[in-house]
Amino acid sequence: MNLELEQLVKDLRAEGALDSAGNFTLDAAKAREKLAQRQQREAGLWLVKLIQGAHMWEANSLELRQERLCARAVFGLGGKELDLRPWLARLHDIEMLADPFYGPLATAFQAALADGCSGMDITLPEGPLLLDSQGIKGHWKGLEPVSCLPLRFLYAQKKPWWNPLLHLRPPQRSAENFLAAQRKGGLALPRVDVDRFPISRQGALEKVVGVDPHPARMERVFLSSDPARELMFYPESGRRRASIEEVNGQVTWQNPGVTYQGLRQWRHEQGARLPLPTSVHVQPWLDHLQREGLQTPPPPSQEQALAVRGVLVWNMDSHVPATILPVKYGIQLEGVPFTSLPPGVTMWLSSSRWRTDIHQKKVVHDETYRELCNWCSEQFDCMVSDAADLLRASETVRQMLAPLRLALGNSRAGAALRTLPFPRR
């Protein structure tokens, strides 16, 4: 359990006796009041938590529709099934906010109530359920696990119904929710549509490092065989094509002409030696890795996108301070300055080990944080060393990667460990 969130739970429990039978208690009301205060009614909190839940459950898709009197969310779970009874049995138990599986859904529900939602209904084959601050209306104890979960958040109309301008002007809250979903949930693996528009998945990385092609840019992609809930979205390989694609220290593909970057290195997070490709294209090789169990496939809705542990990018002509962008269960947290690395370095790293503060937006600087940051730093050293070796070994590579040579010549010395595995629990 998140230590900071556990402390919040203890703080809330101290204000009344907790009844976990799904009935309204003073604790639930206090929890919503404090949630509203601490989150400052952050726009899109309930929506971001729904996206995080879809990612944790390894759903195929999440469709969100925002209307004036309600908001709809439909989880497409594919072949997986979700049992709602453990959450419904403890609907207003504030400890559910920190539950490792139902926590995002529980937080989304409580955040919606704190934001003015009057209740939430669920349409199921066994019959409808209505969830509100008083508890549950409907029979839920005999529910079967579901593979499609439709939710509807109900909002009471607070303004005059006869004002036609209210029906012509899009509500500001809807726009804020959409922006929050794009800003924080762009690296979640399920396909997410908000008001029939997909959130910008392709631009989640390019927004930071730039959209335009640049030869003085290189990156390292960390493949993984861990469960998809541990990983993050990476666009289809052709979108970020490099002049030189490298695997195991060998030039595997050469792409002369207009490309997104100069060099891209493919690595496994545990330092495993990847099989060399036999195809002239990257995608068939990635498909082979998935069949061999060396790479976790993304949801079918993402087609040729990837599920990866993280991405390390260096824009050598950038003066932006180095930053680590933590990702936890598909949601990007606030960036962490990492000034020990050169300007222009950005590292996205997805891990359930990141511990967050009470607001669940910033990482806690504890021993786990230092361990993960040290891994990022050592991987940067490895990336630079491997690139320098590649330049020394081939005149053709030196010509194709000429813009990288000067910056690499001024970079730090090589790393001693070339196959440092990603730290486990």
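Residues numbered from 1 in each chain as written. Predicted model: local features only at pLDDT ≥ 70, side-chain atom pairs only at ≥ 80, totals over all residues. Heavy atoms only, no water.

1. As for the nonpolar core
And step 1. By size, the foremost hydrophobic cluster in this structure holds 52 residues, and its most contacted members are Trp46, Leu50, Trp87, Ile122 and Leu151.
And step 2. Beyond its immediate chain neighbours, meaning those up to four positions away, Leu151 contacts Leu50, Ala71, Arg72, Ala73, Phe75, Leu105, Met120, Asp121 and Ile122.
And step 3. By size, the runner-up hydrophobic cluster in this structure holds 37 residues, among which are Trp314, Ile324, Leu333 and Val336. (Core = buried A, V, L, I, M, F, W, Y, C linked by side-chain atoms within 4.5 Å. Buried < 20%, exposed > 50% of the residue type's maximum accessible area, 1.4 Å probe, protein only. Contact = heavy atoms within 4.5 Å.)

2. Topic: the environment of Leu91
And step 1. Position of Leu91 among the secondary structure elements: in the loop between α4 (85-88) and α5 (103-114).
And step 2. Classification of Leu91 as buried rests on a relative accessible area of 1%.
And step 3. Counting along the chain gives 42 residues from Leu91 to Ser133, while the straight-line C-alpha distance between them is 9.4 Å. (Helix = DSSP H or I, 4+ residues; strand = E, 2+ residues; numbered from the N terminus.)

3. Here's the deal with helix α3 (residues 45-56)
And step 1. Across its 12 residues, α3 extends 16 Å between first and last C-alpha, which sits within 8% of the 16 Å expected from 1.5 Å per residue.
And step 2. The buried fraction of α3 is high, at 12 of 12 residues.
And step 3. Taken residue by residue, α3 has Leu45, Trp46, Leu47, Val48, Lys49, Leu50, Ile51, Gln52, Gly53, Ala54, His55 and Met56 as its buried positions.
And step 4. Directly beyond the C-terminal end of α3, a positive phi value near 55° is found at Glu58. (Expected span 1.5 Å × (residues − 1).)

4. Concerning the confidence of the model for the protein
The predicted coordinates ought not to be read in detail in places where the model reports low pLDDT.
And step 1. Looking at the protein as a whole, its pLDDT mean stands at 84, while 82% of the residues score no less than 70.
And step 2. For residues 15-26, every residue scores under 50 in pLDDT, and the model assigns this stretch 31 contacts once sequence neighbours within four places are set aside.
And step 3. In the model, residues 165-170 has pLDDT below 50 throughout and makes eight contacts with residues more than four positions away in sequence or in other chains. (pLDDT = per-residue confidence, 0-100.)

5. Topic: the pairing of strand β13 (residues 261-268)
Moving residue by residue along a regular strand, the side chains alternate between the two faces of the sheet.
And step 1. Along β13, eight of the eight residues are buried, which leaves the element largely enclosed by surrounding structure.
And step 2. Relative to β13, strand β9 (residues 217-223) runs parallel, the two being bridged by six bridges. Residue pairing in the sheet places Glu219 in a bridge with Arg264 of β13. (Pairing = 2+ DSSP bridges.)

6. Notes on the pairing of strand β2 (residues 70-76)
And step 1. Of all seven residues that make up β2, five are buried, and the element is covered over most of its length.
And step 2. Pairing between strand β1 (residues 61-66) and β2: six bridges, direction antiparallel. From the neighbouring strand, Arg65 faces β2, where its bridge partner is Arg72.
And step 3. Taken together, β1 and the strand that follows it, β2, pair antiparallel across an intervening segment of three residues.

7. A closer look at the environment of Val194
And step 1. Relative to the elements of secondary structure, Val194 occurs in strand β7 (residues 191-194).
And step 2. With 12 residues separating them along the chain, Val194 and Gln182 place their C-alpha atoms 9.6 Å apart.
And step 3. Setting aside chain neighbours within four positions, we find Val194 in contact with Leu64, Gln66, Phe178, Ala181 and Ile199.

8. Observations concerning the packing of aromatic side chains
And step 1. Taken as a whole, this structure holds 12 aromatic pairs when the rule is applied.
And step 2. Centre to centre, the rings of Trp46 and Phe153 are 5.1 Å apart; their planes meet at 50°, and the pair counts as tilted. Highlighted residues: Trp46 in helix α3 and Phe153 in strand β6 (residues 148-155), separated in sequence by 107 residues.
And step 3. The interplanar angle of 80° and the centroid separation of 5.9 Å between the aromatic rings of Trp266 and Trp285 together place this pair among those described as edge-to-face. Remark: Trp285 occurs in helix α9 (residues 282-291) and Trp266 occurs in strand β13; sequence separation between them is 19 residues. The exposure classification of Trp266 matches that of Trp285, with both residues buried.
And step 4. In this structure an aromatic cluster arises from ring pairing among Trp57, Phe75, Phe101 and Tyr102.
And step 5. Positioned above the aromatic ring of Tyr260 is the side chain of Arg217, whose terminal nitrogen or guanidinium carbon lies 4.3 Å from the ring centre. (Phe/Tyr/Trp six-rings, centres within 6.5 Å; stacked < 30°, edge-to-face > 60°. Lys NZ or Arg CZ within 6 Å of the ring centre and 35° of its normal.)

9. Quick notes on the sheet that holds β1
And step 1. In spatial order, the strands read β5-β4-β3-β6-β2-β1-β7-β8; together these eight strands make up an open sheet with mixed pairing. Each end of this open sheet is capped by a strand with a single partner; those strands are β5 (135-137) and β8 (197-198).

10. What about the environment of Thr259?
And step 1. Position of Thr259 among the secondary structure elements: in the loop between β12 (250-254) and β13.
And step 2. Separated by 45 residues in the primary sequence, Thr259 and His214 place their C-alpha atoms 7.6 Å from one another.
And step 3. Beyond its immediate sequence surroundings of up to four residues, Thr259 is in contact with Pro213, His214, Arg241, Ala242 and Ser243.
And step 4. Side-chain polar atoms of Thr259 contact the side chain of Ser243, separated by 3.2 Å. (Polar contact = N/O pair within 3.5 Å; in protein donor to acceptor, adjacent residues only side chain to side chain.)

11. Details of the pattern of salt bridges
Pairing is possible between side chains that carry opposite charge, provided their charged atoms lie close to one another.
And step 1. Within the structure shown, the criterion is met by 24 salt bridges.
And step 2. Glu58 is the salt-bridge partner of Arg229, the closest N and O atoms lying 3.2 Å from each other. Linking Arg229 in the loop between β9 and β10 (232-234) with Glu58 in the loop between α3 and β1, this pair joins segments that are 171 residues apart in sequence.
And step 3. Given a relative accessible area of 32%, Arg229 falls into the partly exposed group.
And step 4. Through salt bridges that share partners, Glu206, Glu219, Arg239 and Arg240 make up one connected network. (Salt bridge = Lys/Arg side-chain N within 4 Å of Asp/Glu carboxyl O.)

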